[in-house]
Amino acid sequence: MRYVVALFSPIIFLISFFFKKNDRIWVYGAWYGKLYKDNSKALFEEANKLSPEITHVWIYKDRNLKNIPKKYKSLYAYSLEGFLVQLRAKVFICTLNTSDFIPFLVTPRNTIIQLWHGSPLKNIGIDSRKTKIRKFADRIRFATLDNYTYCISPAKFFDESFKSAFLLKQGNILRASLPRNRSLFISDERKHEIKNMLAVKKNEKLILYLPTHRNNGNKSILSNEVKKLHKYDNIFLNNQIKFIVKPHFYELKNFESHKDLQAIKVLLNTTIDLYELLASSDALVTDYSSVFFDYELLSKPILIFPFDLNAYMKYDRNMYFDPKYIFKNLKNTTVVKSEEMLIDYCIKISKEIHVNKGRITSIFNEDVSDGSVKIINAIKNRIN
């Protein structure tokens, strides 16, 4: 059916545009339909609990996707039932864009929620396009398939970026915490379970390294940069540090040859939810990943390791904001400018005792309440 849909996409779009929509069917997707994760997953699971009167359906495009809990309804996008559900659904909720579904079934008559997958630091949407042709194509897309009803923004600091990226007005911006952030506040018992799964001993500190991808994972230098840290394995081990590298989805293929050491490990195809992993950690090391905006909520140490900042900004992605301004205003954050400095601060963190201050607000996180409740209510008010 995939090829039939592609061949008759204009006709399918017209049929969907005039087809009667069912307000009680909401569909969810993420990462081109290839993954069950991120903000869509968090909202999907919470909405099943809070609004059982609605039919919530996860749409996927990879038949090998195994981690969708069987207690929830999920459908293959190109099955007959999956096609018909998308045709009838009123509400589409995405993490990337309408390519999380069969995009030609999504029209301006639908309520479309753009959760995105982080607060924007790097240029996204139309702002990330480098040619006039791509920008023009995006303008058409945002007027038809991706005509978002709401885009979630956790602070006014990011509003203009979202509006520019997706050609939105202020009325399309919904102030809410990202749904996935609720997983940052799991129980101590669950944190203990996760550390056991990672073989982190009771007296060890868990430090996560989450670097952003380079060039969408193509000809990336990141894997070699991580290998340079291997010489510090004994130092981490002697200071009771478990240093776990979690590559971006786009980078996974570049890390397949990495071999785990005693203290330094690379986490590839794990079943652990990323945000539960973050919740269980003692500190975060990253660079230009928007994960630091979310991690800030925990008031735990953040180490910024921008080893290729100039090259990244010149050859990879432009940014909405001066990264130095971001690094300066992120709470509990230190910029480390060398491998040696990184190791020194990791050792320092290993000796500290973290004091839980609860969810903290900042210019990057104005709304720290459970975003799922606010989003669900906004959708219902919109369609009723």
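Structure first, text after, so check above.
Residues numbered from 1 in each chain as written. Predicted model: local features only at pLDDT ≥ 70, side-chain atom pairs only at ≥ 80, totals over all residues. Heavy atoms only, no water.

> When you look at the state of the cysteines in this model, what are you seeing that I'm missing?
Note on terminology: a disulfide is the covalent bond linking the sulfur atoms of two cysteines. Within the structure shown, the criterion is met by zero disulfides. In this structure Cys-94 is a free cysteine whose sulfur lies 8.9 Å from that of Cys-151, the closest cysteine sulfur available. With a relative accessible area of 1%, Cys-94 lands in the buried category. By relative accessible area, Cys-151 is classed as buried at 0%. (Disulfide = S-S within 2.5 Å. Buried < 20%, exposed > 50% of the residue type's maximum accessible area, 1.4 Å probe, protein only.)

> Help me understand the packing of aromatic side chains, please; the structure alone is not making it clear to me.
Aromatic ring pairs are defined here through the distance separating the ring centres and the angle between the ring planes. Evaluated as defined, the whole model comprises 30 aromatic pairs. Look at Tyr-148 and Phe-166: their rings are 5.3 Å apart centre to centre, the planes differ by 80°, and that puts the pair in the edge-to-face class. In this pair, Tyr-148 is assigned in the loop between helix 5 (132–143) and strand 6 (150–153) and Phe-166 in helix 6 (residues 159–166), connecting sequence segments 18 residues apart. A single burial state applies to Tyr-148 and to Phe-166, both of which are buried. Measuring from centroid to centroid gives 4.8 Å for Phe-236 and Phe-243, while their planes differ by 5°, and the two rings are stacked. The two residues Phe-236 and Phe-243 agree in class, both being buried. Taken together through their ring pairs, the aromatic side chains of Phe-157, Phe-158, Phe-292, Phe-293, Tyr-320, Phe-321, Tyr-325, Phe-327 and Phe-364 make up a single cluster. When the ring centre of Tyr-76 is taken as reference, the NZ or CZ atom of Arg-63 above it lies at 3.8 Å. (Phe/Tyr/Trp six-rings, centres within 6.5 Å; stacked < 30°, edge-to-face > 60°. Helix = DSSP H or I, 4+ residues; strand = E, 2+ residues; numbered from the N terminus. Lys NZ or Arg CZ within 6 Å of the ring centre and 35° of its normal.)

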